[in-house]
Amino acid sequence: MAKRILSGIQPTSDSFHLGNYLGALKQWVELQEGNDAFYCIVDLHALTGEIDPALLRKRILSSAAQLIALGISPDKSTLFVQSHVAEHNQLGWIMECIAGFGEANRMTQFKDKSAKGGADSARVGLFTYPMLQAADILLYQAHYVPVGEDQRQHIELTRDLATRFNTRFGETFRIPEGYILKSGAKIYDLQEPTNKMSKSSGSAAGVLEIMDTPEANAKKIKSATTDAGREVKFDEKEKPGISNLLTIHAALSGKKIGDLENEFAGKGYGDFKGAVAEVVVEYLRPIRARANELLEDERHLVQILHAGADKARTVASATVAQSYKNLGLVL
Ligand code: AMP
Ligand code: TRP
């Protein structure tokens, strides 16, 4: 049976990185087959960080182009921008009125992000971020929410809020489930292979970006941190760098890690890194080209997004109407 899928990604960098792709976006592409998938560029969530209007605009468009280039088909899925569907704000407010201050205050992503800039400079929107995320999900009556491990707590909160609402005000929302890949989902920084690959990494050298040139990405892989040994073997504790490269190779080439270990037995790290670089570069080359092509015709790209928003709004407005009615608001 076709399942309703919902996920979102923030347009907060010029390029998605390989961790975003292997940890999340690859599943988005897979899940659009045979399901009813809604994929949202969560631009309103991006307002909880530093706002640079020119950059934000560019990144929203670039995110859309990359998602399509990575395989999200606007014919198979509903691809849209959050701010185009005002129902996100409408249900977001309802979720804020259902959530307790205490439970919102326990969100580790809020604690981490607000601690970084000093608690006093954190914006209110950063605090209410998970309630907007709950609205994103519940509006579409999603069965599954494909996300990385770091989003588990937000999905739990979403389930709690939906259950509370349904219990108190009557059946309104489907209780969604997280869809979290168990292994291979986490990609680490090439320079510091015990930290996850992240756009907020201290150095760009550890992050493989989809929109980077093939030469730049090949160079990053060839200068990835490894250990002093010689054996290409998956051992996350003793060999985090090599293990990370094995994970990346396997995920993109479709080969098994054990087979790769055999293939590179007796060869040095240099050969192995060269092979990983080639796999990554050839995988990303057509994707980057397609994204750049889409970005050249901005009007057409925005048309695709508006069409997605129209489809999304049909579902979202029905959910808002039902929740308003159950709350006793006069329609
Ligand atoms: P972010 O851009 O960090 O908000 O992440 C967007 C999506 O990519 C989320 O679903 C994350 O869980 C996932 N993600 C980000 N970084 C990684 C990583 N290094 N490995 C696996 N998944 C990741
Ligand atoms: N908070 C998510 C992240 O940082 C992004 C997001 C916003 C999201 N709304 C969502 C993810 C709804 C899944 C469903 O990755």
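Going by the structure above, here's the rest.
Report on the accompanying structure. Just so we're clear, the structure is a prediction, and the values are computed from it rather than from any experiment.

**A few points about the site of ligand 2**
And step 1. For ligand 2, the set of nearby residues contains 13 residues, the closest of which are Gly8, Tyr129, Gln133, Asp136 and Gln151.
And step 2. A distance of 2.7 Å separates a nitrogen atom of ligand 2 from a polar side-chain atom of Tyr129.
And step 3. At 2.7 Å from a nitrogen atom of ligand 2 is found a side-chain nitrogen or oxygen belonging to Asp136.
And step 4. Contact with the protein chains hides 89% of the accessible area of ligand 2, taken as 370 Å² for the molecule alone.

**Digging into the pairing of strand β2 (residues 36-41)**
And step 1. In terms of burial, β2 is a largely internal element, five of the six residues being buried.
And step 2. Pairing between strand β1 (residues 4-9) and β2: six bridges, direction parallel. Along β2, the bridge assignment pairs Ser7 with Tyr39.
And step 3. Alignment of β2 against strand β3 (residues 78-81), held across four bridges, turns out to be parallel. Its bridge partner being in β3, Phe38 is matched across the sheet by Thr78.

**Looking at helix α13 (residues 298-327)**
And step 1. Taking 1.5 Å of rise per residue, 30 residues should cover 44 Å, and α13 covers 41 Å from first to last C-alpha, within 8% of that figure.
And step 2. Considered for burial, the residues of α13 that qualify are Leu301, Ile304, Leu305, Gly308, Ala309, Ala312, Ala316, Thr319, Val320 and Ser323.

**Remarks on helix α3 (residues 53-70)**
And step 1. Taking 1.5 Å as the rise per residue, α3 with 18 residues should run 26 Å; its terminal C-alpha atoms sit 25 Å apart, in good agreement.
And step 2. In terms of burial, α3 is largely enclosed, as 13 of its 18 residues are buried.

**Some details on the environment of Gln32**
And step 1. Tracing the chain through its elements places Gln32 in the loop between α1 (18-31) and β2.
And step 2. With 103 residues separating them along the chain, Gln32 and Ala135 place their C-alpha atoms 21 Å apart.
And step 3. Setting aside its immediate chain neighbours within four residues, Gln32 contacts Ala37, Tyr39, Gly71, Ile72, Ser73, Lys76 and Ser77.

**Points about the packing of aromatic side chains**
For any pair of aromatic rings, geometry is given as the distance between the ring centres together with the angle between the planes.
And step 1. If you walk through the whole model with that rule in mind, you get 10 aromatic pairs.
And step 2. Ring geometry for Phe101 versus Phe127: centroids 4.8 Å apart, planes at 40 degrees, classification tilted. Placement of the pair is Phe101 in helix α5 (residues 101-105) and Phe127 in helix α7 (residues 124-138), with a sequence separation of 26 residues.
And step 3. Consider the rings of Phe165 and Phe173, whose centres lie 4.9 Å apart with planes at 65 degrees: the pair is edge-to-face.
And step 4. Residue Phe165 is classed as buried on the basis of its relative accessible area, which comes to 0%.
And step 5. By relative accessible area, which is 2% here, Phe173 ends up buried.
And step 6. Members of the aromatic cluster, connected to one another through ring pairs, are Phe38, Phe80 and Tyr140.
And step 7. When the ring centre of Phe264 is taken as origin, the NZ or CZ atom of Lys267, which lies over that ring, is 5.6 Å away.

Definitions and limits used
- Residues numbered from 1 in each chain as written.
- Chains lettered and ligands numbered in written order.
- Predicted model: local features only at pLDDT ≥ 70, side-chain atom pairs only at ≥ 80, totals over all residues.
- Heavy atoms only, no water.
- Near = heavy atom within 4 Å.
- Polar contact = N/O pair within 3.5 Å; in protein donor to acceptor, adjacent residues only side chain to side chain.
- Areas by Shrake-Rupley, 256 points an atom, 1.4 Å probe, with all protein chains shown as cover.
- Buried < 20%, exposed > 50% of the residue type's maximum accessible area, 1.4 Å probe, protein only.
- Helix = DSSP H or I, 4+ residues; strand = E, 2+ residues; numbered from the N terminus.
- Pairing = 2+ DSSP bridges.
- Expected span 1.5 Å × (residues − 1).
- Contact = heavy atoms within 4.5 Å.
- Phe/Tyr/Trp six-rings, centres within 6.5 Å; stacked < 30°, edge-to-face > 60°.
- Lys NZ or Arg CZ within 6 Å of the ring centre and 35° of its normal.

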